[in-house]
Amino acid sequence: MSELRTLVIFGAAGDLTRRLLLPGLATCLAAGVPERGIMLVGSGLDEREDFAAVVREAFAAELSEDQLALPAVRNTLDSARWITADATDPEHLAALLDQVEGPCGLYFALPPSVTMASCEALSRVHDSGRLPQDTVLVLEKPFGTDLDSARDLNSLLAGFVPEERIFRVDHFLGLPGVLGFVGLRFANRILEPLWNRDHIERIEIVFDEVLGLEGRAGFYEATGAARDMIQSHLLQVMALVMMDPPTRFDGVEIPANTAHVLRAARLWSGDATGEGTPPVVRGRYTAGTVDGRAMPSYVDEEGVDPARETETFAQVVVEVDSWRWNGVPVVLRTGKAIGSPRQEIAVVFRRPPHVYEQFPSSGPQPPDVLRVGFEDERIDLQLNAGGPFDSRGMTRTVLSTELPEPGLTAYGSVLRWVLEAKTAFTVRGDGAEEGWRILAQIAAAYASGQVPLQDYEAGSAGPASAGLAG
């Protein structure tokens, strides 16, 4: 697959483009990918004469003066332009494609229903013989709106674009901690022999936030915490953490291995921790104080319908029922308006098989824990030290390090993969479907009446029944 010469962003007037895609593209170009830059086209229903200025502003906020002068950055800024088009109209799409230089990537920064309609229109462009053969599709999450729509979209795309030219984007796979975790596990001999049910007690993948609704009721009311974060992001991270070792890091093995993990995943039945933690917990924040600022109750936010019972906190426990992982609970947790948020992957190892009476302790020694932060990429390994012959007794020690700051944002990594035609960290079609299958199990648990919507105060650690707060 050839490197792209043009990147078209549908829905380029939206918040995703301004806040994430353009800064990410800036870091990508500053890293020299691609060296010549990229022809950038924004597209939407309205006329936008200011698009080039918007791009310049986003780049200037992200890059230094020296970086702005780099040929790749300068060429991209000079090429940025706007083409007004209806992404759901085959004639509009064909006319747009006639105006851009290939190979071309089409980035769908659109709601899932509009993306589906646009892909249907592109299929008709293909049938008319006007879709360039080397066109690449870049699809934002969520991929579809449920299992059936994801299957329909996969079937539609398979009819006119080969799988290797479809990028299903999950920017969590580009977060520094996730990328670092791959090297931590596969580039060292220490961890992989322990990476199974015999040595690991549980895995926690947690992404809590201090942020509340932040004026996004139109999006969040139709989504909720589980659909927004667990269905895509946290399940995809789980699949990467728990996949079998690949023979190579490419667009065949990684998406296949992660899809196999998701295929084996199911909701846990019973208590996952031995401390009364239920397999599914949901909550909604009430008024409180977060980071020193007052936050209103979710139900009092503008645009919120309390009767919808939209959850702002979701915690589910799943099991990957495979030879390697059977019996290991995996806690996936996300919450808004959390006072002391965790954003990390935590691997809790089993305790030693024998307890020494000579170890001074008020109870069982705590287990070893490996923690990797999502954003700060801090790696902590918590271990026990000391013992019966040490005057200090048993102590808890933490081996900690921080990796160098990454040159790319998460979206910078995503766009780099797109521009370099590397599909290893994209989501395969069946992997996206499995995420919706698991979400359907969560939704069924909600509907059963056995998972009440619990209140938790903004600034707290979340619903009390969730546990695992630190």
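All of the points below concern the structure found in this document. (Residues numbered from 1 in each chain as written. Predicted model: local features only at pLDDT ≥ 70, side-chain atom pairs only at ≥ 80, totals over all residues. Heavy atoms only, no water.)

A short note on the packing of aromatic side chains
Thought 1: For the structure shown, the criterion picks out 13 aromatic pairs.
Thought 2: Here the aromatic rings of Tyr285 and Tyr456 are separated by 6.5 Å at their centres, their planes lie at 70°, and the arrangement is edge-to-face. Residue Tyr285 is found in strand S9 (residues 280-286), and its partner Tyr456 is found in strand S18 (residues 453-457); the two are separated by 171 residues along the sequence.
Thought 3: Here the aromatic residues Phe219, Tyr220, Tyr285, Tyr298, Phe313 and Tyr456 are joined through ring pairs into a cluster of three or more.
Thought 4: The residue whose ring lies beneath Arg48 is Trp82, and the NZ or CZ to ring-centre distance is 5.9 Å.
Thought 5: Note that Arg282 overlies the ring of Tyr446, its terminal NZ or CZ placed 4.7 Å from the centroid. (Phe/Tyr/Trp six-rings, centres within 6.5 Å; stacked < 30°, edge-to-face > 60°. Helix = DSSP H or I, 4+ residues; strand = E, 2+ residues; numbered from the N terminus. Lys NZ or Arg CZ within 6 Å of the ring centre and 35° of its normal.)

Observations concerning the sheet that holds strand S3 (residues 81-84)
Thought 1: The sheet built from six strands is open, its strands ordered S3-S2-S1-S4-S5-S6 with parallel pairing. Every interior strand has two partners, whereas the edge strands, S3 and strand S6 (166-168), have only one. Shown here is a sheet whose adjacent strand axes are inclined to one another by a mean of 20°, direction ignored.
Thought 2: As defined by bridge partners, strand S2 (residues 39-44) adjoins S3 across four bridges and the pair is classed as parallel. Considered in S3, the bridge of Gly44 is made with Thr84. (Pairing = 2+ DSSP bridges. Axes fitted to C-alpha atoms, helices over the stretch in contact; angles between N-to-C directions.)

Some points on the environment of Gly373
Thought 1: Among the structural elements, Gly373 can be located in strand S15 (residues 369-373).
Thought 2: On the accessibility criterion, Gly373 (8% relative accessible area) is buried.
Thought 3: Apart from the residues within four sequence positions on either side, Gly373 is in contact with Gly177, Gln343, Glu344 and Arg378. (Buried < 20%, exposed > 50% of the residue type's maximum accessible area, 1.4 Å probe, protein only. Contact = heavy atoms within 4.5 Å.)

Observations concerning the nonpolar core
Thought 1: Judged by nonpolar contacts, the single largest core of 141 residues is most densely connected at Tyr107, Trp195, Met238 and Leu332.
Thought 2: Per-element tally for this core: the top contributor is helix H10 (residues 224-242), with twelve residues.
Thought 3: Not counting the four nearest positions on each side in its chain, Leu332 is found in contact with Ile205, Ile230, Leu234, Leu235, Met238, Ala314, Gln315, Val316 and Val318. (Core = buried A, V, L, I, M, F, W, Y, C linked by side-chain atoms within 4.5 Å.)

Let's talk about the side chain of Glu433
Thought 1: Relative to the assigned elements, Glu433 resides in helix H13 (residues 429-447).
Thought 2: For Glu433, a relative accessible area of 18% gives the class buried.
Thought 3: A distance of 2.7 Å separates the side chain of Glu433 from the side chain of Asn154, its partner in a polar contact.
Thought 4: Those residues in contact with Glu433, other than ones at most four positions away along the chain, are Leu147, Ala150, Arg151 and Asn154. (Polar contact = N/O pair within 3.5 Å; in protein donor to acceptor, adjacent residues only side chain to side chain.)

Focus: the packing of H10 against H13
Thought 1: Closest axis-to-axis distance for the H10/H13 pair is 10 Å, and the angle between their directions is 135°. In terms of axis orientation, H10 runs oblique to H13. At the point where H10 passes H13, the crossing takes the right-handed sense. Across the interface between the two elements, Ala226, Arg227, Ile230, Gln231, Leu235 and Gln236 of H10 pack against Gly431, Ala432, Gly435, Trp436, Ile438, Leu439, Ile442 and Tyr446 of H13.
Thought 2: Grouping the amino acids of the contact of H10 with H13 by side-chain chemistry returns nine nonpolar, four polar and one charged. (Parallel < 35°, antiparallel > 145°, perpendicular 65-115°, else oblique. Left-handed = near helix turned anticlockwise from the far one by under 90°. Nonpolar A, V, L, I, M, F, W, Y, C, P; charged D, E, K, R; others polar.)

Any functional reading would require information that these geometric values do not contain.
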